[in-house]
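What follows is the residue order along each chain.
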Amino acid sequence: MSERRKRRLETQVSTSQSTQPARDDAYVIDLADLFYRLLTNWKLIICSALILAIFAGAYTVFLVTPMYEATSSIYVLNRSDSAINYSDLQLGTALTPDYIKVFKLWEVHEEVISNLNLSYTYENMEDMLTISNEQSTRMIDITITSPDAEEGAAIANEYAKVASQYIADTMATDKPNIMSVALVPTHPVSPNKKMNVLLGFMMGAMLACAYVTVISVVDDKYKTADDIRKYTGLATIAIVPIEEETDSKKSSRRQS
């Protein structure tokens, strides 16, 4: 084989290779095509979102127990006279963490359970009870979370009474004042129905979009002439349409 012919063959091979697209292009996600597929399947996405929203709403209404919160408050500093100086305020601030600790004692839990004739254990009472103190204040908030609104209010008020008396008896200090009694709550704090329905709707839409995306990535069939030219580099010479037979034609052929 002559040197000129070898060079000509090498030139033809390099030209044919340059016209072939990289194989990695077949695995690149076309965002425009994906967006078009999502728009095409909008009915699937909306239906999936609505189904999960309805499911989340039904689950929230029928299977989730609503919880109520009732809050009472006590004031740490109590003086029988009207003269309160700066040292008294400092003392009240310093005693606030000690008073909060009192609510965690088993003696206080036991007395509340006994007074209200409750069937809860100490662990149950600790789970229901939340003690908080806003910064720069000497007020302690006693919050009870319960599925029974009336029971929650009764327990919160009883904790305020029992803890105040226990502090006065054991710490040899003035009995804290009950600043606010707990009222029976009328609206549950959980679950949030609107939020759960919204989350269900968004989750359904996301799952449907993920499904369409996966199907788009996995589907490697050539559907148009542009797909053939894009992924193989071959030009389409002609397109032969395929006409599906109607039911009437099929039946007439069978009869003949």
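For clarity, every value in this text was computed on a predicted model and none was experimentally measured.

## What about the overall build of the chain?
Looking only at helices and strands, the chain has 10 helices and four strands in total. Counted from the first residue to the last, the chain has its helices and strands arranged as α-α-α-β-α-α-α-β-β-α-β-α-α-α. Counting only residues that meet the buried cut, the chain has 24% of its 256 residues in that class. Contacts in the chain between residues far apart in sequence, at least 24 positions, make up 73% of those at least 6 positions apart. A total accessible area of about 18,500 Å² is found for the chain, and carbon and sulfur atoms account for 58% of it.

## A look at the packing of aromatic side chains
Taken as a whole and judged by the stated rule, the model has one aromatic pair. Ring centres 6.5 Å apart and planes at 40° place the aromatic pair Trp106 and Tyr122 in the tilted group. With Trp106 in helix α5 (residues 106-116) and Tyr122 in helix α6 (residues 122-128), this residue pair connects regions lying 16 residues apart in the sequence.

## Re the nonpolar core
In this structure, Phe103, Met125, Ile140, Ile142, Ile144, Ile155 and Tyr159 are the most contacted members of the largest nonpolar core, which totals 26 residues. Of all the elements in the fold, those that place two or more residues in this core are β1 (68-75), α4 (86-102), α5, α6, β3 (139-146) and α7 (149-170). Here the element with the most residues in this core is α7; it accounts for eight residues. Discounting residues that sit within four places of it in the chain, Ile140 has contacts with Ser72, Ser73, Ile74, Val76, Thr96, Tyr99, Ile100, Phe103, Ile131 and Ser132.

## Comments concerning the confidence of the model for the chain
Averaged over the chain, the pLDDT score is 79; the fraction of residues at 70 or greater is 67%. Contacts from residues 11-26, a stretch scored under 50 in pLDDT, to residues over four places away or in other chains number nine contacts.

## Describing the pairing of strand β2 (residues 129-133)
One ladder, built from five bridges, connects β2 with β3; its direction is antiparallel. Bridge pairing in β3 links Ile131 to Ile142. The turn joining β2 and β3, which pair antiparallel and follow one another in sequence, is formed by five residues; a positive phi near 70° is taken by Ser136.

## Here's the deal with helix α8 (residues 193-218)
If you check α8, its first and last C-alpha atoms are 37 Å apart, about what 26 residues at 1.5 Å a residue would give, namely 38 Å. Looking only at α8, the buried set comprises Gly200, Gly204, Ala205, Ala208, Val212 and Ser216. For α8, the side-chain oxygen to backbone nitrogen distance between the N-cap and Lys194 is 3.4 Å, and the N-cap itself is Asn192.

## Looking at the side chain of Thr60
Residue position: Thr60 is located in helix α3 (residues 42-62). Engagement of the side chain of Thr60 in a polar contact is seen with the side chain of Asn196, the distance being 3.0 Å. Not counting residues up to four positions away in its chain, the partners in contact with Thr60 are Pro191, Lys193 and Asn196.

## Remarks on a nonpolar patch on the surface
A surface patch of nonpolar side chains, about 740 Å² in accessible area, is lined by Trp42, Ile46, Leu50, Met195, Leu198, Leu199, Phe201 and Met202. Within the residue set of the nonpolar patch, elements represented by two or more residues are α3 and α8. Sorting elements by how many residues they give to the nonpolar patch places α8 first, with five residues. Note that Trp42 resides in helix α3.

## Structural notes on the pairing of β1
With eight bridges connecting them, β1 and β3 associate as antiparallel partners. Bridge pairing in β3 places Ala70 opposite Ile144.

## Focus on the packing of helix α2 (residues 31-40) against α8
Viewed as axis vectors pointing N to C, α2 and α8 meet at an angle of 130°, and their least axial separation amounts to 10 Å. With respect to α8, the axis of α2 lies oblique. Seen from above, α2 lies across α8 with right-handed handedness. Of α8, the residues touching α2 (which contributes Leu34, Arg37 and Leu38) are Cys209, Val212, Thr213 and Ser216.

## Focus: unusual backbone geometry
The peptide bond linking Ser190 to Pro191 adopts the cis configuration, its omega dihedral lying at 0°. Among the secondary structure elements, Pro191 is positioned in the loop between β4 (177-180) and α8. Non-glycine residue Asn117 carries a positive phi angle of around 55°.

## Observations regarding the sheet that holds β3
Taken in spatial order, the four strands of this open sheet run β2-β3-β1-β4, and their pairing is antiparallel. The open sheet has two edge strands with one neighbour each: β2 and β4. Going across the sheet, the axis of each strand differs from the next one's by a mean of 30°, ignoring polarity.

Basis of the calculations
Residues numbered from 1 in each chain as written. Predicted model: local features only at pLDDT ≥ 70, side-chain atom pairs only at ≥ 80, totals over all residues. Heavy atoms only, no water. Helix = DSSP H or I, 4+ residues; strand = E, 2+ residues; numbered from the N terminus. Buried < 20%, exposed > 50% of the residue type's maximum accessible area, 1.4 Å probe, protein only. Contact = heavy atoms within 4.5 Å. Areas by Shrake-Rupley, 256 points an atom, 1.4 Å probe, with all protein chains shown as cover. Phe/Tyr/Trp six-rings, centres within 6.5 Å; stacked < 30°, edge-to-face > 60°. Core = buried A, V, L, I, M, F, W, Y, C linked by side-chain atoms within 4.5 Å. pLDDT = per-residue confidence, 0-100. Pairing = 2+ DSSP bridges. Expected span 1.5 Å × (residues − 1). Polar contact = N/O pair within 3.5 Å; in protein donor to acceptor, adjacent residues only side chain to side chain. Patch = residues over 30% accessible without salt bridge, like charges linked within 9 Å, V, L, I, M, F, W, Y side chains within 5 Å. Salt bridge = Lys/Arg side-chain N within 4 Å of Asp/Glu carboxyl O. Axes fitted to C-alpha atoms, helices over the stretch in contact; angles between N-to-C directions. Parallel < 35°, antiparallel > 145°, perpendicular 65-115°, else oblique. Left-handed = near helix turned anticlockwise from the far one by under 90°.

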